[in-house]
Amino acid sequence: MKNRIVLLGPPASGKGTQASLLGAVFGIPHVSTGAIVREERAKGTAIGLEADSYASQGLLFPDELALRFIGHWLGSHSRFIFDGFPRTLGQATDLDSLLEAKALRLQTVYLLELPDDEVRSRMLGRLTCSSCGSVFNEKFHGISVEEPCPKCDGPLVRRQDDTLEALDHRLAQYHEFTKPIADNYEAAGLLKKVDVRFGRDAVFQLLYNDLREAA
Ligand SMILES: [Zn+2]
């Protein structure tokens, strides 16, 4: 059974959802830099506050800082599904070194692929309930921002960072940083590409079967 896994993918590709589902079914910790950072911030550690200053400016963490967080976390874990890490080739190389120091290695990398147009339509149609936090999509769920939340009747809002300009910037950054990481893992024979247009359940089944087969 493979239990050191990385999920790469653009915004709205569902990588967080898949990582969470797979983690739950296989009992592997699903972790993102964001989750580790939130934990350190909640504890009020120095490294948590440092990360906060980058996050509040909407900046990517420098490789060096992300490495410290992951290194700290790997001190007490040897199985993981990383979601959104590594974000740069530098972080990917650092992850290899951290694992090597523990005589471990990465076992598989899934690249979730979604065309940019589909990312735009998924992201720009997102409405979030400001009461219960549920996320809906105008197109998929057939609702508009004027309507109440179908779950709790709370008010729906469009997040301010869900604008076309902000999204295109994120996408450009994603492609710029992810291409070299994917090429690197492909050369190492670890990369598997997954077309996520078929929806959450189909993608989950595919990933589930792939991990099971490796048992
Ligand atoms: Zn709600």
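Residues numbered from 1 in each chain as written. Predicted model: local features only at pLDDT ≥ 70, side-chain atom pairs only at ≥ 80, totals over all residues. Heavy atoms only, no water.

Right, let's talk about the coordination of the zinc ion for a bit. Every protein donor of the zinc ion is accounted for by C129 (SG), C132 (SG), C149 (SG) and C152 (SG), and the metal-donor separations fall at 2.3 to 2.4 Å. Within one chain, the residues donating to the zinc ion are spaced in sequence as C-x2-C-x16-C-x2-C. In this pair, C129 sits in strand β5 (residues 126-129) while C149 sits in the loop between α7 (138-141) and β7 (156-157), placing the two residues 20 residues apart along the sequence. Classification of C149 as buried rests on a relative accessible area of 1%. (Donors = N, O, S within 2.8 Å, 3.2 Å for Na, K, Ca; no water. Helix = DSSP H or I, 4+ residues; strand = E, 2+ residues; numbered from the N terminus. Buried < 20%, exposed > 50% of the residue type's maximum accessible area, 1.4 Å probe, protein only.)

Turning our eyes to something else, we now look at the side chain of Q18. Turning to its location among the elements, Q18 is positioned in helix α1 (residues 15-26). From its side chain, Q18 meets the backbone nitrogen of F204 in a polar contact 3.5 Å long. In this view, Q18 contacts L7, R200, V203, F204 and L207; residues no more than four positions away in its chain are not counted. (Polar contact = N/O pair within 3.5 Å; in protein donor to acceptor, adjacent residues only side chain to side chain. Contact = heavy atoms within 4.5 Å.)

The next point concerns the sheet that holds β7. Pairing in this open sheet of three strands is antiparallel, and the strands run β6-β5-β7 from one edge to the other. Two strands bound the open sheet, and with one partner strand each, they are β6 (135-137) and β7. In this sheet, β6 lies alongside β5 in antiparallel orientation, the contact comprising three bridges. What sits directly across from L127, in β6, is F136. (Pairing = 2+ DSSP bridges.)

Our focus in this paragraph is the sheet that holds strand β4 (residues 108-113). Taken together, the five strands give an open sheet; going across it, the order is β2-β3-β1-β4-β8, and neighbouring strands pair in parallel fashion. The open sheet has two edge strands with one neighbour each: β2 (30-31) and β8 (191-195). Of the pairings in the sheet, the one linking β2 to strand β3 (residues 80-83) comprises two bridges and is parallel in character. Looking at the pairing, V31 lines up with F82 of β3. Relative to the sheet, helix α9 (residues 200-213) contacts β1 (4-8), β4 and β8, its axis offset from that of β8 by approximately 155°. (Axes fitted to C-alpha atoms, helices over the stretch in contact; angles between N-to-C directions.)

Another aspect to go through is the pairing of β1. When a strand is regular, its side chains alternate between the sheet's two faces. The buried count for β1 comes to five of five residues, which makes it a mostly enclosed element. Side chains of β1 alternate between two faces, with R4, V6 and L8 and I5 and L7 buried alike. The sheet contact formed by β1 and β3 spans four bridges and is parallel. Its bridge partner being in β3, I5 is matched across the sheet by I81. Of the pairings in the sheet, the one linking β1 to β4 comprises four bridges and is parallel in character. Paired with L8 across the two strands is L111, which belongs to β4.

Time to look at the packing of helix α6 (residues 116-124) against helix α8 (residues 164-187). Between two packed helices, both the angle of their axes relative to each other and the distance between the axes serve to describe the pair. The interhelical angle for the contact between α6 and α8, taken along N-to-C directions, is 140°, at an axis separation of 11 Å. The orientation of α6 with respect to α8, classified from their angle, is oblique. At the point where α6 passes α8, the crossing takes the right-handed sense. Contacts between α6 and α8 involve D116, V119, R120, M123 and L124 on the former and, on the latter, L164, L167, D168, R170, L171 and H175. Here the contact of α6 with α8 is composed, by residue class, of six nonpolar, one polar and four charged. (Parallel < 35°, antiparallel > 145°, perpendicular 65-115°, else oblique. Left-handed = near helix turned anticlockwise from the far one by under 90°. Nonpolar A, V, L, I, M, F, W, Y, C, P; charged D, E, K, R; others polar.)

Moving on: the pattern of salt bridges. For the coordinates displayed, the defined rule picks out twelve salt bridges. Residue R120 pairs with D117 through a salt bridge whose shortest N-O separation is 3.0 Å. Of this pair, R120 and D117 both sit in helix α6, three residues apart, roughly one helical turn. For R122, the salt bridge goes to E118, with nearest N and O atoms at 3.5 Å. Taken together, the residues R122 and E118, both in helix α6 and four residues apart, mark about one turn of the helix. Here R122 falls in the buried class, since its relative accessible area comes to 16%. Look at E118 and you get partly exposed, because its relative accessible area is 23%. (Salt bridge = Lys/Arg side-chain N within 4 Å of Asp/Glu carboxyl O.)

For α8, spanning 24 residues, the distance from its first C-alpha to its last is 34 Å, which sits close to the expected 34 Å at 1.5 Å a residue. Taking the largest bend as the criterion, α8 deviates by roughly 30°, centred on T178, and proline P180 comes between one and four positions later. The complete set of buried residues in α8 reads L167, L171, Y174, T178, I181, A182 and Y185. Looking at the buried positions of α8, the neighbouring elements they touch are β1, α5 (89-101), β4, α6 and β8. G189 sits one or two residues past α8 and shows a positive phi near 75°. (Expected span 1.5 Å × (residues − 1). Bend = angle between axes of the 7 residues up to and from the residue.)

From the geometry alone we can't say anything about function, so treat these as descriptive.
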